[in-house]
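# Summary of structural features
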Amino acid sequence: MSPDLPAALRLAADRLLDGVSRKGLAERAAKISTGYRGGETSKVVVTDEADAIAYVLSRLPATYAAGAYVLAQARRMAPDFAPARVLDAGAGPGGASWAALETWPGLGSVTLLDSSRPFLDMAAKLAAEGHGALKAAKFLRGDLTAPAADWPQADLVIASYALAEIPAARQADTVSALWSATDGMLALVEPGTPDGYRRILAARETLIAAGATLLAPCPHALACPLTPPDWCHFVQRLPRSRDHRLAKGADLPFEDEKFIYLVAAQPSVRAQTPTARILAPPRTAKPAITFKLCTPSGTAELAEVPRRDKAAYAWARRLDWGDALP
């Protein structure tokens, strides 16, 4: 899966900028970032269409890239899984829905759920420029902090960068409600910070207790072997457009989005046998490549692939942070 925005989404986002002050958008984008870092929710930091446009410009490329990565991992672990219905919970402008359609083009229906009217309106505007199930997507106003029994059932449920906006005491109820709506697979994505990691760990406990099968990134359902100050997270590099750089006040033509995720499945989903996961950038030295691994036995350990083992070294050179071992 490419981390780039799909062509139709990129074009739709570019059209939003027609006649809009780039300076004003950059100021709004900075305000939104400050608000999120300060623990504010979308209800507070995204209050109108201009805020939603600023978010699309500054954050959608990165959240889409993370979602595309996660769903590609899900597809790799369950290659026979072919969802027909998607529920994008806490959808924002809908980046996860676009990533789902890129991953499984045969999707039949997409439902986007969010409590923010500016975000839902923006998601609808962008989806109208899409294709397939996005053209007929449904948009529901709903609050993830107050799980509802009438959330639609879906084969694939995604909550991307959503748990951070839910008070800690309510997150378990939200995860349980999302799991109840899941007929096949649930994907959770959070910022790759220690706090995001802790939220995913808590969700992991809830899902294991509910009988879920963990597909990725964890190759086991035992206690996480990492101890503070270490934490599990991954990275996706994505390109920045000129407007994206202006909105972020950045010079580099790329961005590294750090995130943490969890993919869980109902027992009915046929999945590959999990293998060890690479938890950090491989260290390449003259005698060997060293990997930090999370193993199926529930341990975190270092493993070396020596240069003298030419066959193993050849495939080891192609592996990167976040990959599962062959």
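In short, a report on the structure. Here the structure is a predicted model, which is why all the values come from computation and not from measurement.

### A short note on the overall build of the protein
When helices and strands are tallied, the protein shows eleven helices and twelve strands. Computed over its C-alpha atoms, the radius of gyration of the protein comes to 20 Å, within 12% of the 20 Å expected for a compact globule of 326 residues. Along the longest, intermediate and shortest principal axes, the C-alpha atoms of the protein span 60 × 45 × 35 Å. Here the analysis covers contacts within the protein between residues at least 6 apart in sequence; of these, 71% occur between residues at least 24 apart. Surface summary for the protein: the accessible area is close to 14,500 Å², and the carbon and sulfur share equals 54%. In the protein, 37 side chains carry a positive charge and 34 a negative one; their mean positions are 5 Å apart.

### A closer look at helix H8 (residues 168-180)
The end-to-end C-alpha distance of H8 is 19 Å, a good match for the 18 Å that 13 residues give at a rise of 1.5 Å each. Among all positions of H8, only Gln171, Thr174, Val175, Ala177, Leu178 and Trp179 are buried. Looking at the buried positions of H8, the neighbouring elements they touch are strand S1 (85-89), strand S4 (154-160), strand S5 (182-191), helix H9 (194-209) and strand S8 (254-265).

### Quick notes on the packing of aromatic side chains
Taken as a whole and assessed by the stated rule, the structure comprises seven aromatic pairs. Between the aromatic rings of Tyr36 and Tyr55, the centroid separation amounts to 6.3 Å while the plane-to-plane angle is 75°, which identifies the pairing as edge-to-face. Here Tyr36 is found in helix H2 (residues 22-37), whereas its partner Tyr55 is found in helix H4 (residues 49-58), with 19 residues between them in sequence. Both rings, one in Phe81 and one in Trp104, keep their centres 5.8 Å apart while their planes meet at 90°; by these two values the pair is edge-to-face. With a gap of 23 residues between them, Phe81 in the loop between helix H5 (60-77) and S1 and Trp104 in the loop between helix H6 (95-103) and strand S2 (109-114) connect regions that are remote in the sequence.

### As for the pattern of salt bridges
Enumeration according to the criterion identifies 16 salt bridges in this entry. Among the ionic pairs, Arg28 bridges to Asp48, the shortest N-O distance being 3.2 Å. Note that Arg28 is positioned in helix H2 and Asp48 in the loop between helix H3 (42-45) and H4, a separation of 20 residues in sequence. On the basis of relative accessible area, Arg28 is assigned to the partly exposed category, the value being 28%. With relative accessibility at 30%, the residue Asp48 sits in the partly exposed group.

The rules behind these values
- Residues numbered from 1 in each chain as written.
- Predicted model: local features only at pLDDT ≥ 70, side-chain atom pairs only at ≥ 80, totals over all residues.
- Heavy atoms only, no water.
- Helix = DSSP H or I, 4+ residues; strand = E, 2+ residues; numbered from the N terminus.
- Rg over C-alpha atoms; globule rule 2.2 N^0.38 Å.
- Contact = heavy atoms within 4.5 Å.
- Areas by Shrake-Rupley, 256 points an atom, 1.4 Å probe, with all protein chains shown as cover.
- Lys, Arg positive; Asp, Glu negative; His and termini not counted.
- Charge placed at Lys NZ, Arg CZ, Asp CG, Glu CD.
- Expected span 1.5 Å × (residues − 1).
- Buried < 20%, exposed > 50% of the residue type's maximum accessible area, 1.4 Å probe, protein only.
- Phe/Tyr/Trp six-rings, centres within 6.5 Å; stacked < 30°, edge-to-face > 60°.
- Salt bridge = Lys/Arg side-chain N within 4 Å of Asp/Glu carboxyl O.

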